[in-house]
Amino acid sequence: MEPSNRLGDIEITDPKAMRALAHPVRLAILEHLQRHGPATATALAPHVGATPSVTSWHLRHLAGFGLVGDAEPGTDKRERRWRAVARGFRFEVPEDGADEEGRTAARLLSREMFVRSADLPARWAATVEPGLDPVWQRAAGLANTRVVVTAEEAAAIEDAIEQVLAPYVTRDADARPDGARSVRLLRYTLPEGEPRPQGKGEGPAEGETPAGGDPRGGTGRADGRGPAGGTE
């Protein structure tokens, strides 16, 4: 199944652009611009762990690959303001096994994104969850579900999830109902290695979840984008 782009993300296909983005400061810059809107290098600097001059250099590098661009001037027209060109981005590992440059670049960016997101749930549980009211506490949590599918079926699941998310991701800010708040959905798609031979009547290997199993932590549910996407 050929995946669609229901969320309006910018699609990154150039290996050089993937490598350019596979940097913690550049990912932090792009995430901040996507989430909070246009900003100057000086305003971004404390949020991305770099000096204003280094942040400015990274912004120009991202602009060279079309990931950020100039925004409308602010009150001080001498300061250059930057914006993300799209609300999210996506990329894929090339199917062509001979495209070593593309595959290496995609894996590099994937790993950097995984590292960047790895501690988000723990930080949320420690700093945000205790202060939520019961309604939002019940809506939060996680799902860890193992299914046995083909690559085509996995792509169909991803597309179906994006079909559900698209109206909420793409609607204008003034169309959001009262009581709406930002919710981060972390969705990891982690294909396992080749299945091991299993004797008749044997259960899953130690540490595995049975097919269709859904061990939940906390209450409610949570989901998220895998390494092929970066919508905020």
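Each remark here, short or long, concerns the structure printed above.
None of the values given here were measured: they were computed from a predicted structure. (Residues numbered from 1 in each chain as written. Predicted model: local features only at pLDDT ≥ 70, side-chain atom pairs only at ≥ 80, totals over all residues. Heavy atoms only, no water.)

1. Quick look at the packing of aromatic side chains
Throughout the structure, instances matching the rule amount to 2 aromatic pairs. Arranged with centres 5.5 Å apart and planes meeting at 15°, the rings of Phe114 and Tyr188 form a pair that is stacked. On the criterion of sequence distance, the pair formed by Phe114 in helix α5 (residues 100-117) and Tyr188 in the loop between α8 (151-170) and β7 (216-217) is long-range, its members being 74 residues apart. Classification of Phe114 as partly exposed rests on a relative accessible area of 27%. (Phe/Tyr/Trp six-rings, centres within 6.5 Å; stacked < 30°, edge-to-face > 60°. Helix = DSSP H or I, 4+ residues; strand = E, 2+ residues; numbered from the N terminus. Buried < 20%, exposed > 50% of the residue type's maximum accessible area, 1.4 Å probe, protein only.)

2. Some points on the nonpolar core
Leu21, Leu33, Phe89 and Leu109 are the most contacted members of the largest nonpolar core, which has 28 residues in total. Of all elements in the fold, only α1 (15-21), α2 (24-36), α3 (41-48), α4 (52-64), β4 (81-84) and α5 reach the threshold of two or more residues within this core. (Core = buried A, V, L, I, M, F, W, Y, C linked by side-chain atoms within 4.5 Å.)

3. As for the sheet that holds β4
The sheet built from 3 strands is open, its strands ordered β2-β4-β3 with antiparallel pairing. Lying at the two open borders of the sheet, with one neighbouring strand each, are β2 (39-40) and β3 (68-70). Judged from the 3 bridges that link them, β3 and β4 form a sheet pairing that is antiparallel. Paired with Gly69 across the bridge in β4 is Arg83. (Pairing = 2+ DSSP bridges.)

4. Describing the pattern of salt bridges
Summed over the entire model, instances satisfying the criterion amount to 12 salt bridges. Across the pair Arg184 and Glu31 runs a salt bridge, and its minimum N-O distance is 3.6 Å. Residue Arg184 is located in the loop between α8 and β7, and its partner Glu31 is located in helix α2; the two are separated by 153 residues in the primary sequence. On the basis of relative accessible area, Arg184 is assigned to the partly exposed category, the value being 35%. Notably, a salt bridge pairs Glu158 with Arg187, separated by 2.9 Å at the nearest N-O pair. Of the two residues, Glu158 sits in helix α8 while Arg187 sits in the loop between α8 and β7, which places them 29 residues apart along the sequence. (Salt bridge = Lys/Arg side-chain N within 4 Å of Asp/Glu carboxyl O.)

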